[in-house]
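# Overview (structure and organization)
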Amino acid sequence: MAVSLSVLFSFTLLFFHLLLAVQSDQGCHKTHNHHLRRSLQLRNSPEKCLRARPGEPFKIALFADLHFGEDAWTDWGPRQDVNSIRVMSAVLDAESPDFVIYLGDVITANNIPVANASSYWDQAISPTRTRGIPWASVFGNHDDAPFEWPLEWFSAPGIPQVRCPAANSSFSGEEECSFRGTHRLQLMKDEIEQNALSYSSNGPKDLWPSISNYVLQVSSPQDAQSPLVYLYFLDSGGGSYPEVISNAQAEWFRRQSEKINPDLSIPELIFWHIPSKAYSGVAPWFGVRKPCVGSINKEKVASQEAEFGIMGLLEKRPSVKAVFVGHNHGLDWCCPHKKLWLCFARHTGYGGYGSWARGARIIEVSKQPSSIKSWIRMENGDVHSEVLLSS
């Protein structure tokens, strides 16, 4: 009996040691290398977290406006998707980021005449997934836009043969092709359920019809409970509903930020797709001149339809260092606005309008010394427009 009690006691101690080890990790994804599996997720606030690599800054690549599925029924459209994969692959291989953010307009749903547009979404995330890099996504105005019937389809040649999803897609979806889109909820559901490396989230139900509203914590490599930076994602609408960040979303951000960063000591970075009206106020007139930093300023800012409080909240938080958006393919600048920076990404995809060279914005967060900086990596390998965002 004594031996049995001793064995039982030993196993009990081992169990508690393992339990403490799991709890201390707080569900963080340790980015020690790029061949990882998602660890236990503790669904508190923030919902998920990532870990920086020891002795290394945390690096993020932003892929904006890929527009997969553009003119999907033509020969031109699929070629652009191949070109976009080439851009992402070049950036990922040159920068080796710890994390990737898909900054909206991943697909051009209004050009996709198939029942399950997730097949194109799957193609868009494939360069990141095959390299074992975790990622998150946020919606743009084209991602669930209703299908737009081309007028020329009603001429003599008629409706062309519809190209169904690729057979090697990880999304089986529906077998039949049809002329209807895939709504935000289904796109996000498919991404999350089919990809262990996805850190995307539906967000709170009371914020619908906006979907991709969530926050991620990046923790220091030494301590999972020591945040390095908070990443906030907001759905800026468009497609199936107006292009706007609602008052409800702004209040959600206020509650979340006050709860997890009450003393404003941890830097916060904000990501959504369509620029707010504040971007129009800081936009350079001609070219890109100081204090702005960038390389192209080829169009006017196409801002959201209205402002319902989010910018006022961000401006009052000195912990908010920058907002990052896509949407405008001909803009890649960062400009200061009060105590934060307003930044565009770089048009990454060959889908969508514009003939400007493709690339991606890179963000690097360092702990010692504390800094947040950004630059643009081009498809051809060039690097430019470095800016310090934490000053």
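You'll find the structure just up there.
Remember, predicted model here, so these are calculated numbers, not experimental data.

## A short note on a nonpolar patch on the surface
Among the surface-exposed residues, Trp149, Leu151 and Phe154 lie close enough to one another that they form a single nonpolar patch of about 400 Å² accessible area. With respect to the helices, strands and loops of the structure, Leu151 is situated in the loop between strand S5 (135–137) and helix H4 (184–194).

## What to know about the pattern of salt bridges
Counted under the stated rule, the structure contains 16 salt bridges. The salt bridge partner of Arg377 is Glu95, with a shortest N-O separation of 2.9 Å. Of this pair, Arg377 sits in strand S13 (residues 371–378) while Glu95 sits in helix H2 (residues 76–95), and the two are 282 residues apart along the sequence. A relative accessible area of 15% places Arg377 in the buried class. Assessed through its relative accessible area of 5%, Glu95 is described here as buried. Between Asp332 and Arg346 there is a salt bridge whose closest N-O contact spans 2.7 Å. One end of the pair, Asp332, is in the loop between strand S9 (320–325) and strand S10 (334–337); the other, Arg346, is in the loop between strand S11 (340–344) and strand S12 (359–366), with 14 residues separating them in the sequence. Look at Asp332 and you get buried, because its relative accessible area is 0%. On the basis of relative accessibility, which here comes to 4%, the residue Arg346 falls in the buried class. It is possible to trace a salt-bridge network through shared partners that takes in Lys59, Glu95 and Arg377.

## A closer look at helix H3 (residues 118–130)
Between the first and last C-alpha of H3 there are 17 Å, a value that for 13 residues agrees with the 18 Å anticipated at 1.5 Å per step. At Ala124, H3 shows its maximal kink, close to 40°; a proline, Pro127, follows between one and four residues later. In terms of residue burial, H3 counts as a mostly covered element, since 10 of its 13 residues are buried. If you check which residues of H3 are buried, you get Ser118, Ser119, Tyr120, Trp121, Asp122, Ala124, Ile125, Ser126, Pro127 and Thr128.

## Quick notes on the side chain of Lys59
Tracing the backbone shows Lys59 in strand S3 (residues 58–63). Classification of Lys59 as buried rests on a relative accessible area of 15%. A distance of 2.9 Å separates a polar atom in the side chain of Lys59 from a polar atom in the side chain of Glu95.

## Describing the pairing of S12
When you tally the buried positions in S12, you get eight out of eight residues, the bulk of the element. Because side chains alternate across S12, one face comprises the buried residues Gly359, Arg361, Ile363 and Val365, and the other comprises Ala360, Ile362, Glu364 and Ser366, equally buried. In this sheet, S12 lies alongside S3 in antiparallel orientation, the contact comprising five bridges. Across the sheet, residue Phe58 finds its bridge partner in S12, namely Val365. Taken together, S12 and the strand that follows it, S13, pair antiparallel across an intervening segment of four residues.

## A look at the environment of Asp143
With respect to the helices, strands and loops of the structure, Asp143 is situated in the loop between S5 and H4. Once the C-alpha coordinates of Asp143 and Ser118 are considered, the two residues, 25 residues apart in sequence, prove to be 9.9 Å apart. Here Asp143 is in contact with Gly104, Asp105, Val106, Ile107, Ala109, Trp121, Val138, Thr182 and Leu187, once residues within four sequence places are set aside. A distance of 2.8 Å separates the side chain of Asp143 from the backbone nitrogen of Val106, its partner in a polar contact. Within polar-contact distance, the side chain of Asp143 engages the backbone nitrogen of Ile107 at 3.0 Å.

## Observations concerning the sheet that holds S12
Overall, mixed pairing links the six strands, which are arranged S5-S4-S3-S12-S13-S14 in an open sheet. With one partner strand each, in any of the chains shown, S5 and strand S14 (383–388) form the two edges of the open sheet. The mean angle between the axes of side-by-side strands here comes to 20°, regardless of whether they run parallel or antiparallel. Of the pairings in the sheet, the one linking S3 to strand S4 (residues 99–102) comprises four bridges and is parallel in character. Across the sheet, Ala61 pairs through a bridge with Val100, a residue of S4.

## Here's the deal with unusual backbone geometry
In this chain, Lys290 is followed by Pro291 through a cis amide linkage whose omega measures 10°. The residue Pro291 is located in the loop between helix H6 (277–282) and helix H7 (310–315) in this model. Cis geometry is adopted by the peptide bond preceding Pro369, which originates at Gln368 and carries an omega value of -5°. Among the structural elements, Pro369 can be located in the loop between S12 and S13. Here the phi dihedral of Asp65 falls at roughly 55°; this positive angle occurs in a residue that is not glycine. Owing to a relative accessible area of 2%, Asp65 belongs among the buried residues under this scheme. Backbone geometry at His67 places phi at a positive 55°, although glycine is not the residue there. Here His67 lies in the loop between S3 and H2. A residue is classified by how much of its surface remains accessible, and His67, at 3% relative accessible area, is buried.

## Some points on the packing of aromatic side chains
What the rule picks out here adds up to 13 aromatic pairs. Considering the side-chain rings of Phe63 and Tyr102, the 5.8 Å spacing of their centres and the 65° angle between planes classify their relative orientation as edge-to-face. Of this pair, Phe63 sits in strand S3 while Tyr102 is found in strand S4, placing the two residues 39 residues apart along the sequence. Seen in terms of ring centroids, Trp333 and Phe344 are 4.9 Å apart; in terms of plane orientation they differ by 80°. Their pairing is edge-to-face.

Parameters and conventions
- Residues numbered from 1 in each chain as written.
- Predicted model: local features only at pLDDT ≥ 70, side-chain atom pairs only at ≥ 80, totals over all residues.
- Heavy atoms only, no water.
- Patch = residues over 30% accessible without salt bridge, like charges linked within 9 Å, V, L, I, M, F, W, Y side chains within 5 Å.
- Areas by Shrake-Rupley, 256 points an atom, 1.4 Å probe, with all protein chains shown as cover.
- Salt bridge = Lys/Arg side-chain N within 4 Å of Asp/Glu carboxyl O.
- Helix = DSSP H or I, 4+ residues; strand = E, 2+ residues; numbered from the N terminus.
- Buried < 20%, exposed > 50% of the residue type's maximum accessible area, 1.4 Å probe, protein only.
- Expected span 1.5 Å × (residues − 1).
- Bend = angle between axes of the 7 residues up to and from the residue.
- Polar contact = N/O pair within 3.5 Å; in protein donor to acceptor, adjacent residues only side chain to side chain.
- Pairing = 2+ DSSP bridges.
- Contact = heavy atoms within 4.5 Å.
- Axes fitted to C-alpha atoms, helices over the stretch in contact; angles between N-to-C directions.
- Phe/Tyr/Trp six-rings, centres within 6.5 Å; stacked < 30°, edge-to-face > 60°.

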